[in-house]
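Chain by chain, the residues run as shown.
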Amino acid sequence: MLAKLYDWVDERLDITPMWRDLADHEVPEHVNPAYHFSAFVYCFGGLTFFTIVIQILSGMFLTMYYVPDISRAWDSVFYLQNKVAYGQIVRGMHHWGASVTIVMVFLHTLRVFFTGAYKKPRELNWVVGVLLFFVILGLGFTGYLLPWDMKALFATKVGMQIAASVPFIGGWIQTLLQGSDIVGAQTLARFFAIHVFFLPAVLLGLLAAHFIMIRRQGISGPL
Ligand code: HEM
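The written sequence of each chain sets the order in which its residues are numbered from 1. Under the rules for a predicted model, residues below a pLDDT of 70 receive no local features and side-chain atom pairs below 80 are neither given nor counted, while totals for whole chains, interfaces and linings still include all residues. Side-chain numbers come from the whole structure's heavy atoms, not from hydrogens or water.

Description of the overall build of the protein
Part 1 of the argument: By the criteria applied, helices consist of DSSP H or I runs no shorter than four residues and strands consist of E runs no shorter than two, each listed in order from the N terminus. When helices and strands are counted, the protein shows 9 helices and 0 strands.
Part 2 of the argument: The linear arrangement of helices and strands in the protein, starting from the amino end, is α-α-α-α-α-α-α-α-α.
Part 3 of the argument: With the C-alpha coordinates aligned to their principal axes, the bounding extent of the protein is approximately 55 × 50 × 35 Å.
Part 4 of the argument: Each charge class in the protein was averaged separately, 15 positive and 13 negative side chains, and the resulting centres sit 7 Å apart. In this tally Asp and Glu are treated as negative and Lys and Arg as positive; neither His nor the chain ends contributes. Charge placement uses NZ in Lys and CZ in Arg. For Asp and Glu, CG and CD serve respectively.

The structure is reproduced here in structure tokens:
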């Protein structure tokens with residue numbers, strides 16, 4: 001039944017070469033931990049991607065309950081955490097997953113640096129990687145404010161002062177992010193939009209570029 005359906009679609013769209021291209025691609029020996037245990041460092045990029053998938057999935061469920069309004073944000077998180085079935089688990093995954101993602105992206109960057117994989121011809125992918133790094137940090141910064149508790153509020157105030165201290169354009173960055181003179185209602189609305197729409201869109205675009213380049217250039221090495 002399924003085979004027939006597959007043949008029907010394949011006859012019309014010729015889908016076999018698409019997945020065969022991925023499925024038949026051989027993993028070089030020097031990046032395969034089954035051959036050399038130390039090759040596990042080459043898994044860090046894939047593991048970063050895995051944590052990002054978890055962040056996206058858990059985040060999608062969180063937005064079903066979260067209310068981006070200063071009078072209700074904290075209550076909505078409290079409700080999700082204490083009343084909603086599996087809410088505590090989903091929130092916990094997103095909360096701890098954020099830190100794991102940052103640790104993994106850092107380890108991946110170290111691997112790329114110490115194996116010299118940023119050198120010609122992969123300079124452009126290193127640049128895309130640096131942008132990815134900032135997007136991940138931006139997601140962490142904007143997400144931190146969303147529970148709207150004291151820790152979130154004061155951490156964001158400190159973050160805003162750091163942003164404001166950037167030479168020449170600091171004040172402009174602060175106004176753009178904060179939306180008013182204080183960290184308040186406008187800030188929460190902006191951080192929510194940036195966290196849920198703007199940065200994930202940029203992230204997906206950059207990841208597509210990252211993976212297309214890896215596919216075209218192949219993995220670097222062996223050393
Ligand atoms: C958002 C996070 C990122 C994800 C999901 C990701 C994913 C990956 C994956 C799956 C690979 C294949 C090889 C491997 O796993 O090590 C890779 C390679 C690479 N990544 Fe990333 N990456 C990310 C961030 C970065 C950052 C921050 C940098 C550098 C600043 C970077 C630079 C590179 C380069 C240059 C390669 C090619 C390495 C080679 O050919 O040996 N990536 N990335």
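The rest of the description comes next.
Overview of the coordination of the iron atom of the ligand
Part 1 of the argument: Metal coordination here is assigned from N, O and S atoms located within 2.8 Å of the ion, or within 3.2 Å for Na, K and Ca; omission of water means that sites may look incomplete. Within the first shell, the iron atom of the ligand binds the protein through His108 (NE2) and His210 (NE2), at distances of 2.0 to 2.1 Å.
Part 2 of the argument: Metal sites are grouped by the angles between bound donors: all angles between 85 and 135 degrees with four donors is tetrahedral, opposite donors over 155 degrees apart with the others between 65 and 115 is square planar for four donors and octahedral for six, and any other pattern is irregular. Viewed at the metal, the 6 donor atoms of the iron atom of the ligand are separated by angles of 85 to 178 degrees, and the geometry they form is octahedral. In this pair, histidine 108 sits in helix α5 (residues 87–114) while histidine 210 sits in helix α9 (residues 185–217), placing the two residues 102 residues apart along the sequence. Across the pair, histidine 210 and histidine 108 agree in class, each one buried. A 1.4 Å probe rolled over the protein chains alone gives each residue an accessible area, and that area as a share of the maximum for its type sets the label: buried under 20%, exposed over 50%, partly exposed in between.

Some details on the UniProt feature "transmembrane region" (unreviewed entry) in the protein
Part 1 of the argument: UniProt positions are given in the numbering used here, feature names are shortened, and annotations may be inferred rather than shown by experiment. The UniProt entry lists residues 39–67, 96–114, 126–146, 158–177 and 189–214 under the feature "transmembrane region" (unreviewed entry), expressed in the numbering used here.
Part 2 of the argument: Counted over residues 96–114, helix gives 100% and strand 0%. Its end C-alpha atoms are 27 Å apart.
Part 3 of the argument: Taken end to end, residues 189–214 is 100% helix and 0% strand, and its first and last C-alpha atoms sit 36 Å apart.

Quick look at helix α7 (residues 150–164)
Part 1 of the argument: In a regular helix each residue adds 1.5 Å, so 15 residues correspond to 21 Å; α7 covers 21 Å between its end C-alpha atoms and thus fits that length.
Part 2 of the argument: Among all positions in α7, only Ala152, Leu153, Thr156, Gly159, Met160 and Ala163 are buried. Buried residues along α7 cover an arc of 130 degrees about the axis, so they all sit on one side. Opposite the buried face of α7, by more than 90 degrees, sit the exposed residues Met150, Lys151, Gln161 and Ile162.
Part 3 of the argument: Residues are treated as being in contact if the distance between any of their heavy atoms lies within 4.5 Å. Tucked inside the fold, the buried residues of α7 contact α6 (123–145), α8 (170–178) and α9. By this rule, a helix spans an expected 1.5 Å times one less than how many residues it contains. The directions from the helix axis to the C-beta atoms form the arc being described.

Topic: the site of the ligand
Part 1 of the argument: As a structural note, the neighbourhood of the ligand is formed by 26 residues, with Tyr42, His108, Arg111, His210 and Ser220 the closest of them.
Part 2 of the argument: Pairs of N or O atoms are called polar contacts if they sit within 3.5 Å, as long as, within protein, a hydrogen donor faces a hydrogen acceptor (for residues adjacent in sequence, only side-chain-to-side-chain pairs). One nitrogen or oxygen atom from the side chain of histidine 210 is found 2.8 Å from a nitrogen atom belonging to the ligand.
Part 3 of the argument: Contacts to the ligand include serine 220, whose side-chain N or O atom sits 2.4 Å from an oxygen atom.
Part 4 of the argument: Secondary structure elements with two or more residues in the shell around the ligand: α3 (44–62), α5, α6 and α9.
Part 5 of the argument: Of all the elements, α6 adds the most residues to the shell around the ligand, at 6 residues.
Part 6 of the argument: Grouping the constituent residues of the shell around the ligand by class yields 15 nonpolar, 9 polar and 2 charged. Throughout this document, a residue counts as near a molecule or strand when at least one of its heavy atoms sits within 4 Å of that molecule or strand. Any residue that is not Ala, Val, Leu, Ile, Met, Phe, Trp, Tyr, Cys, Pro, Asp, Glu, Lys or Arg is counted as polar, Gly included; the first ten are nonpolar and the last four charged.

Remarks on the UniProt feature "domain: Cytochrome b/b6 N-terminal region profile" (unreviewed entry) in the protein
Part 1 of the argument: Under the UniProt annotation, "domain: Cytochrome b/b6 N-terminal region profile" (unreviewed entry) lies at residues 5–223.
Part 2 of the argument: Split by type, residues 5–223 is 70% helix and 0% strand. Its first and last C-alpha atoms lie 46 Å apart.

Points about the packing of α5 against α6
Part 1 of the argument: Packing of α5 against α6 leaves a shortest axis separation of 10 Å and a crossing angle of 160 degrees. When the axes of α5 and α6 are compared, the pair comes out roughly antiparallel. Here α5 and α6 pass one another in a crossing that is left-handed. Taken together, the residues of α6 that come into contact with α5 (itself represented by Thr101, Ile102, Val105, Phe106, Thr109, Val112 and Phe113) are Trp126, Phe133, Ile136 and Leu137. Between N-to-C directions, angles span 0 to 180 degrees; the directions come from axes that are lines fitted to C-alpha atoms, helices contributing only their stretch in contact. When describing relative orientation, an angle under 35 degrees is termed roughly parallel and one over 145 degrees roughly antiparallel, while 65 to 115 degrees is termed roughly perpendicular and anything else oblique. For a crossing to be left-handed, the near helix must be turned anticlockwise from the far one by less than a right angle; the clockwise case is right-handed.

What about the packing of aromatic side chains?
The geometry of two aromatic rings is summed up by the distance between their centres and the angle between their planes.
Part 1 of the argument: Two rings from Phe, Tyr or Trp (for Trp, the six-membered ring) form a pair when their centres sit within 6.5 Å of each other. Planes less than 30 degrees apart are called stacked, planes more than 60 degrees apart edge-to-face, and all others tilted. Inspection of the entire model under this criterion finds 10 aromatic pairs.
Part 2 of the argument: Arranged with centres 6.3 Å apart and planes meeting at 45 degrees, the rings of tyrosine 65 and tyrosine 79 form a pair that is tilted. Residue tyrosine 65 is found in the loop between α3 and α4 (73–82), and its partner tyrosine 79 is found in helix α4; the two are separated by 14 residues along the sequence.
Part 3 of the argument: Owing to a relative accessible area of 35%, tyrosine 65 belongs among the partly exposed residues under this scheme.
Part 4 of the argument: A centroid spacing of 5.5 Å and a plane angle of 20 degrees characterise the contact between phenylalanine 113 and tyrosine 118, whose relative ring orientation is stacked.
Part 5 of the argument: Grouped by ring-pair contacts, the aromatic residues Phe113, Phe114, Tyr118 and Trp126 constitute a single cluster.

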